[in-house]
Amino acid sequence: MNYNYIFYSISLIIGVALIIYSIKQLLRFKKMIKTDAIVLGKHSFMGRDNYVTRVEFNVNGVVRECDLNFYSVLFKKGKKIKIYYNPDKYWEIDCMAGNIFTLILGILFFVGSLCLFFVM
């Protein structure tokens, strides 16, 4: 029995799942408001070794501080970035960079598994 087809099928399923998840997340940005934020630095999440990016942004003249759901070394302290926030729940903020990375990863899994599947 050739186990390569099993691994290619699993890779294909992972790729499709990542693509669907990232497209769903990107469509969620249509309901959110785009604004500028200033990176305050990395923030320890619940006192553990997990870090998130702390940002500051302005909502209707009120300065807010929140954490993004990820940490990136590309976000240096004092850098301006574009974020999206939910106007009803301002603490629900997100940045498009992480979702685009997930989409690219899903496409690589999907195309790679298809190429290997048809070559073998």
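Residues numbered from 1 in each chain as written. Predicted model: local features only at pLDDT ≥ 70, side-chain atom pairs only at ≥ 80, totals over all residues. Heavy atoms only, no water.

Peer 1: For the pattern of salt bridges, give the residues involved together with the corresponding values.
Peer 2: Going through the model one piece at a time under the given rule, you end up with 3 salt bridges. The salt bridge involving Arg54 is made with Glu65; its shortest N-O contact spans 3.3 Å. Separated by 11 residues along the polypeptide, Arg54 in strand β2 (residues 51-59) and Glu65 in strand β3 (residues 62-67) bring together distant segments of the chain. The class for Arg54 is partly exposed, based on a relative accessible area of 22%. (Salt bridge = Lys/Arg side-chain N within 4 Å of Asp/Glu carboxyl O. Helix = DSSP H or I, 4+ residues; strand = E, 2+ residues; numbered from the N terminus. Buried < 20%, exposed > 50% of the residue type's maximum accessible area, 1.4 Å probe, protein only.)

Peer 1: I'd love a proper account of the packing of aromatic side chains, names of residues and values included.
Peer 2: Within the structure shown, the criterion is met by 2 aromatic pairs. For the pair Phe29 and Tyr84, a centre-to-centre distance of 4.6 Å together with 50 degrees between the ring planes defines the contact as tilted. Taken together, the residues Phe29 in the loop between α1 (4-28) and β1 (33-44) and Tyr84 in strand β4 (residues 80-85) connect sequence positions 55 residues apart. An identical accessibility class is assigned to Phe29 and Tyr84; each is buried. A cation sits over an aromatic face here: Arg28 above Phe29, 5.8 Å from the ring centre. (Phe/Tyr/Trp six-rings, centres within 6.5 Å; stacked < 30°, edge-to-face > 60°. Lys NZ or Arg CZ within 6 Å of the ring centre and 35° of its normal.)

Peer 1: Which residues make up the sheet that holds β2, and what values go with them?
Peer 2: One open sheet accounts for 5 strands, arranged β3-β2-β1-β4-β5; its pairing is antiparallel. Two strands in the sheet have a free side with no partner beyond their single neighbour: β3 and β5 (93-94). (Pairing = 2+ DSSP bridges.)

Peer 1: Tell me about the environment of Tyr71, and name the residues and values.
Peer 2: Checked against the element boundaries, Tyr71 lands in the loop between β3 and β4. On the accessibility criterion, Tyr71 (35% relative accessible area) is partly exposed. Put simply, Tyr71 and Gly98 are 27 residues apart on the chain and 9.4 Å apart in space, counted from C-alpha to C-alpha. The residues contacting Tyr71, other than those within four sequence positions of it, are Lys42, Tyr51, Val52 and Thr53. (Contact = heavy atoms within 4.5 Å.)

Peer 1: Outline the nonpolar core, supporting the account with residue identities and numerical values.
Peer 2: Counting 14 residues, the largest nonpolar core has Val55, Phe57, Leu68, Phe75, Ile81, Ile83 and Ile93 as its most contacted members. For this core, the elements supplying multiple residues, two or more each, are β1, β2 and β4. Beyond its immediate chain neighbours, meaning those up to four positions away, Ile93 contacts Met32, Val55, Phe57, Cys66, Asp67, Leu68, Ile83, Tyr84 and Tyr85. (Core = buried A, V, L, I, M, F, W, Y, C linked by side-chain atoms within 4.5 Å.)

Peer 1: If you had to explain the environment of Lys80 to someone new, which residues and values would you point to?
Peer 2: Inspection of the secondary structure puts Lys80 in strand β4. Under the relative-accessibility criterion, Lys80 is labelled exposed at 59%. Once residues lying within four places of it in the same chain are set aside, the contact partners of Lys80 are Ala37 and Ile38.

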